[in-house]
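Examining the three-dimensional arrangement
In case you want the letters, here they are:
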Amino acid sequence: MKILVVNPNSTQSMTDKIVSAAQAAASPGVTILGATAAGAPASIEGHFDEAMSLQGLLMQVAAAEEQGVDGVVVACFDDPGIGACRELASGPVLGICEAAVKAASMLATSFSVVTTLPRSVPVIEHLIHGYGLSHSCRRVRAAAIPVLALEEEGSGARDKIRAEILRAIEEDHCEAVVLGCAGMADLTQWLSAECGIPVIDGVTVATRMVEALAGCGLGTSKINAYAKPNMK
Ligand code: 5HY
């Protein structure tokens, strides 16, 4: 089985981190094909960056489909271009936000999300509403760190995320926490041990969910909405 794990921003060090998390999650015999969206912004922080990432993202998904991948993980918590990716792909396509919040809803009666910047909060709230999980989400919080601070030694990003998780536990009374950025994937186990709460990383759960669906012989439905794009 081959799974494409694509980072829609153009920061290779973040792609490497994401692919490492996906490889750690994948079962033996599953090959993770990592990809970075060429020409995309270095990080996705809001609607404009998200829009600017789509062409590079879709080119990677189209190329992987040609290579016959069995599934796709879109490794950005804004779940950019999921519908378009599903039109291109034959296998299952999951964004890490959808995977993580749906996993959280199966593990706890409530969860909070900790993302990077305040401007990402309404984007994620809108996604969670669309996934039908507003009743389970106590709050979407921001640790007030730029996405790329996660790539910088000494930025203090991990401590700010830890502090925000502890505030979520104290104030939101959430029963689980979802990490609201693909770039946090390498912090999952440390944060869960430090905070004493299930911490869910979307890269990890999306990889295993795609593997599970493809392993069941299931792919994206091509009846109507996600049919291949019409040739013009
Ligand atoms: C992400 N941005 O997962 C999102 C998270 C965010 O470049 N990768 C990004 O902060 O919106």
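Located above this text is the structure these notes cover.
Throughout what follows, the structure given in this document is the object of discussion.

The rules behind the values
- Residues numbered from 1 in each chain as written.
- Predicted model: local features only at pLDDT ≥ 70, side-chain atom pairs only at ≥ 80, totals over all residues.
- Heavy atoms only, no water.
- Disulfide = S-S within 2.5 Å.
- Buried < 20%, exposed > 50% of the residue type's maximum accessible area, 1.4 Å probe, protein only.
- Salt bridge = Lys/Arg side-chain N within 4 Å of Asp/Glu carboxyl O.
- Helix = DSSP H or I, 4+ residues; strand = E, 2+ residues; numbered from the N terminus.
- Arc of directions from axis to C-beta.
- Contact = heavy atoms within 4.5 Å.
- Near = heavy atom within 4 Å.
- Polar contact = N/O pair within 3.5 Å; in protein donor to acceptor, adjacent residues only side chain to side chain.
- Areas by Shrake-Rupley, 256 points an atom, 1.4 Å probe, with all protein chains shown as cover.
- Nonpolar A, V, L, I, M, F, W, Y, C, P; charged D, E, K, R; others polar.

Comments concerning the state of the cysteines
Here the structure, examined in full by the defined rule, presents 0 disulfides. Cys174 provides the cysteine sulfur closest to Cys195, a residue in no disulfide bond, and the two sulfurs are 9.9 Å apart. The buried category is assigned to Cys195, whose relative accessible area is 11%.

Comments concerning the pattern of salt bridges
Tallying each qualifying case throughout the model produces 11 salt bridges. Of the charged contacts, one joins Lys228 and Glu65 as a salt bridge, the two residues approaching to 3.4 Å between their closest N and O atoms. Here Lys228 is found in the segment after helix H8 (202-215), whereas its partner Glu65 is found in helix H2 (residues 47-67), with 163 residues between them in sequence. On the basis of relative accessibility, which here comes to 18%, the residue Glu65 falls in the buried class. The partner of Arg141 in a salt bridge is Glu164, with the nearest N and O atoms 2.7 Å apart. Of this pair, Arg141 sits in strand E6 (residues 137-142) while Glu164 sits in helix H6 (residues 157-172), and the two are 23 residues apart along the sequence. The burial state of Arg141 is the same as that of Glu164; both residues are buried. Within this structure, Arg141, Glu164, Arg167, Glu171 and Asp172 form a network of salt bridges that share partners.

Concerning unusual backbone geometry
We note that Ala144 has phi near 60°; this positive angle belongs to a residue other than glycine. Tracing the sequence through the fold places Ala144 in the loop between E6 and H6. In this structure, Asn224 takes a positive phi of about 80° despite not being glycine. Assignment of secondary structure puts Asn224 in the segment after H8.

Quick notes on helix H5 (residues 121-130)
Counting along an α-helix, one turn takes 3.6 residues, and residues three or four places apart therefore face a common direction. Buried within H5 are the following residues: Val121, Val123, Ile124, Leu127 and Ile128. The arc that holds every buried residue of H5, seen down its axis, measures 160°, which confines them to one face. In this structure, H5 carries His126, His129 and Gly130 as exposed residues pointing more than 90 degrees from its buried face. The inward-facing, buried residues of H5 abut H2, helix H4 (96-107), strand E5 (111-115) and E6. Positive phi appears at Gly132, one or two residues downstream of H5, with a value of about 75°.

Some points on the site of the ligand
Near the ligand lie 13 residues; those nearest to it are Ile44, Phe77, Asp78, Thr116 and Ala182. One of the side-chain N or O atoms of Asp78 is found 2.9 Å from an oxygen atom in the ligand. Measuring from an oxygen atom of the ligand, one finds a side-chain N or O atom of Thr116 at 2.5 Å. Protein contact buries 100% of the 300 Å² of open area that the ligand shows by itself. Of the residues in the shell around the ligand, the class split is 6 nonpolar, 6 polar and 1 charged.

Purely geometric stuff here, so don't read any function into it on its own.
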